[in-house]
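# Survey of secondary and tertiary structure
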Amino acid sequence: MNFGDWPNGAVRKMAVTLAAVALAIAPTAAVAQEPAPAAAPAVAPAAQAPATTTTTATTETPADAAPADSAAPEGAAGYTPLGPDMIKGQPVDGAIDLQPQFSEIGETAQPFHVALVWIMAIISIFVLGLLLWVVLRYNKRANPTPDKTTHNTMIEVIWTVVPVLILIGIAIPSITLLAKQYESPPEDAITVKVTGYQWNWGYELPDHGVGEFISNMMPEDEAKAKGFPGQLEVTERIVVPVNTPLRMQITAADVIHSFAVPSLWFKLDAVPGRLNEKMLIIKEPGIYYGQCSELCGVRHGYMPIAVEAVSRPQWEAWVRSKGGNPEGTAAAEAAAAAAAPAPAADNPATPANEAAAAGAEAPAADAAATPAPAAPAAQ
């Protein structure tokens, strides 16, 4: 016997034996693994059953929670436009006074306006009385011999000092009111951009994702049929929240316009190439009408303004209806950035990350460890 061939023969016989055993076991293993795919669907419905039950319970919850919904804040379910009963600022036929004021600056300015009217009336009546007295007392018939007096110190002091005091009394509140009208809005004010066109208005809320929309005058017949004033109601109102600082930015795209709402004591020119800014705070919910107050073309009188002031929930619902975000686009972007996962390169080498990396590499390692189809070759 050649002992050098014995190890080779033993290895060859062992390989043939292992191959035969593998071929004999392979069909049995395949049969044993066949039920596994069938078992997966059987387990899936069982796992989905609680989810189905939860969905049913969620669907029935609103019916059970009807009292809670009735106590929800106004506008939580959606935006509802105000009707004709909420009109508070509009021209009144035959009226000679200012419209009632519904803004903070208007409530300050209206009494001052009334005081100025009375001051002007008193001064005008006084001067008219002096004129009539001089005409009647010092005409040639009543006073044939004219007086030779050239001046009177007391009278000159009075007619110099009194007008100065009156002007100072007017100037102090006037400057205070003027400065208050142009106070800078706070950082959290809601920005409303208004653009004047020939002949309509464009509105935009850039910080809340509401793109520009155009407001035209509603046809007079349609407006009156709905209970609104003709030539004042519009197709798209600008909706803002009450008791909230508004940063009104006014500009124009073609010629000079003027955005004016008398009942809110607001008037600011819209100049092409310039962005004028002014703060506005509306105190009560309602509809407030205005018109362009700068001659801008043949349809200047047909580009009305309609400002609709509503509660904060209603305004938020309106913003959502326009595709915007009541929290502001900056806040939404910051929240999205905070929720986004950090880049893989920035992740520290923690045990959890290492385990995840190992799990990702496991399939590749298993694929590499899978034996090559040597058995058929051995056969």
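Further remarks concern the packing of aromatic side chains. Following the criterion strictly, the structure yields seven aromatic pairs and no others. On the basis of an interplanar angle of 45° and a centroid distance of 5.9 Å, the ring pair of Y203 and F213 is categorised as tilted. Of this pair, Y203 sits in strand β3 (residues 200–205) while F213 sits in strand β4 (residues 210–215), and the two are 10 residues apart along the sequence. One exposure class covers both Y203 and F213, and it is buried. Measuring from ring centre to ring centre gives 6.0 Å for F213 and W318, while their planes differ by 70°; the resulting arrangement is edge-to-face. Taken together, the residues span a long stretch of sequence, with F213 in strand β4 and W318 in helix α7 (residues 312–321) at a distance of 105 residues.

A few words now on helix α5 (residues 153–181). Its 29 residues place the ends of α5 42 Å apart at the C-alpha level, agreeing with the 42 Å of an ideal helix rising 1.5 Å per residue. Two or three places before M154, at the start of α5, stands the capping residue N152, its side-chain oxygen 3.1 Å from that residue's backbone nitrogen.

Before going further, it helps to examine the nonpolar core. Membership of the largest hydrophobic core comes to 46 residues, with the highest contact counts inside it found for L205, I238, M248, F259, L264 and V307. Sorting elements by how many residues they give to this core places strand β11 (residues 304–310) first, with five residues. Apart from the residues within four sequence positions on either side, L205 is in contact with I190, T191, V192, V210, I238, W315, W318 and V319.

Considered as a void within the structure, the largest pocket measures approximately 340 Å³ in volume. Considering the residues around the largest pocket, the lining is formed by I122, I123, F126, V127, L130, I155, I158, W159, V162, P163, I166 and L167. Looking at the lining of the largest pocket, the elements with two or more residues in it are α4 (104–137) and α5. With seven residues, the single largest contributor to the lining of the largest pocket is α5. A class-by-class count of the residues in the lining of the largest pocket yields 12 nonpolar, no polar and no charged. One number sums up the size of the second largest pocket: a volume of about 180 Å³. Tallied by class, residues from the lining of the second largest pocket come to six nonpolar, two polar and five charged.

Before going further, it helps to spend a moment on empty space enclosed by the protein. Where empty space is left can be seen by rolling a probe of water-molecule size over the atoms. Counted by the stated rule, this structure contains one cavity of 30 Å³ or more. Here the largest cavity is characterised by a volume of approximately 30 Å³. I238, V240, L246, M248, F259, L280, I282 and V307 are the residues that line the largest cavity. Contributing elements (two or more residues each) for the lining of the largest cavity: β5 (238–241) and β6 (246–252). Partitioned by chemical class, the residues of the lining of the largest cavity number eight nonpolar, no polar and no charged.

Across the sheet, five strands lie side by side as β4-β3-β2-β6-β9; this open sheet has mixed pairing. Because the sheet does not close on itself, it has two edges, and the strands there are β4 and β9 (276–280). Sheet twist, expressed as the mean angle between neighbouring strand axes with direction ignored, is 25°. In this structure, strand β2 (residues 190–197) lies alongside β6, joined through seven bridges in parallel fashion. Residue pairing in the sheet places T191 in a bridge with R247 of β6.

Averaged over every residue, the pLDDT of the protein is 78; the share at 70 or more is 66%. Below a pLDDT of 50 lies the segment residues 360–369, which in the model reaches zero contacts outside its immediate sequence neighbourhood of four places, other chains included. Contacts for the low-pLDDT stretch residues 374–379, under 50 throughout, to residues beyond four places or in other chains number one contact.

What follows deals with the side chain of R247. With respect to the helices, strands and loops of the structure, R247 is situated in strand β6. Apart from residues no more than four positions distant in its own chain, R247 is found in contact with P185, P186, E187, A189, I190, T191, V192, D207, E277 and K278.

What follows covers the environment of P241. Tracing the backbone through its elements, the reader meets P241 in strand β5. Linking P241 and E284, residues 43 residues apart in sequence, is a C-alpha distance of 9.3 Å.

For β9, a buried count of four out of five residues is recorded, marking the element as mostly surrounded by other parts of the structure. Both β6 and β9 contribute to a ladder of five bridges, which runs antiparallel. In the sheet register, Q249 faces β9, and the bridge partner there is E277.

Turning our attention to the packing of α4 against α5. At a minimum axis distance of 11 Å, the contact between α4 and α5 shows a crossing angle of 155°. It follows from the interaxial angle that α4 and α5 lie roughly antiparallel. Crossing hand, α4 versus α5: left-handed. Contacts from I105, T108, A109, F112, L116, I119 and I123 of α4 reach α5 at I166, I170, P173, S174, L177, K180 and Q181. Taken together, the residues of the contact of α4 with α5 sort by class into 10 nonpolar, three polar and one charged.

The next thing to look at is the pattern of salt bridges. One pass over the structure, following the stated rule, counts 10 salt bridges. Linking E308 and R237 is a salt bridge whose minimum nitrogen-to-oxygen distance equals 2.7 Å. Of this pair, E308 sits in strand β11 while R237 sits in the loop between α6 (220–225) and β5; the two residues are 71 residues apart in sequence, bridging distant segments of the chain. The same class applies to E308 as to R237, namely buried. One salt bridge in this structure joins R320 and E316, with 4.0 Å as the shortest N-O distance. Taken as a pair, R320 and E316 lie in helix α7 at a separation of four residues, close to a single helical turn. Judged by its relative accessible area of 49%, R320 falls in the partly exposed class. Salt bridges here are not isolated pairs; linked through shared partners, they connect E233, R237 and E308.

What counts and what doesn't
- Residues numbered from 1 in each chain as written.
- Predicted model: local features only at pLDDT ≥ 70, side-chain atom pairs only at ≥ 80, totals over all residues.
- Heavy atoms only, no water.
- Phe/Tyr/Trp six-rings, centres within 6.5 Å; stacked < 30°, edge-to-face > 60°.
- Helix = DSSP H or I, 4+ residues; strand = E, 2+ residues; numbered from the N terminus.
- Buried < 20%, exposed > 50% of the residue type's maximum accessible area, 1.4 Å probe, protein only.
- Expected span 1.5 Å × (residues − 1).
- Polar contact = N/O pair within 3.5 Å; in protein donor to acceptor, adjacent residues only side chain to side chain.
- Core = buried A, V, L, I, M, F, W, Y, C linked by side-chain atoms within 4.5 Å.
- Contact = heavy atoms within 4.5 Å.
- 1 Å grid on protein atoms, 1.4 Å probe; cavity = no way out; pocket = protein on both sides within 12 Å on 5 of 7 lines; lining within 4 Å.
- Points joined across faces, edges and corners; volume = space filled by probe spheres on them.
- Nonpolar A, V, L, I, M, F, W, Y, C, P; charged D, E, K, R; others polar.
- Pairing = 2+ DSSP bridges.
- Axes fitted to C-alpha atoms, helices over the stretch in contact; angles between N-to-C directions.
- pLDDT = per-residue confidence, 0-100.
- Parallel < 35°, antiparallel > 145°, perpendicular 65-115°, else oblique.
- Left-handed = near helix turned anticlockwise from the far one by under 90°.
- Salt bridge = Lys/Arg side-chain N within 4 Å of Asp/Glu carboxyl O.

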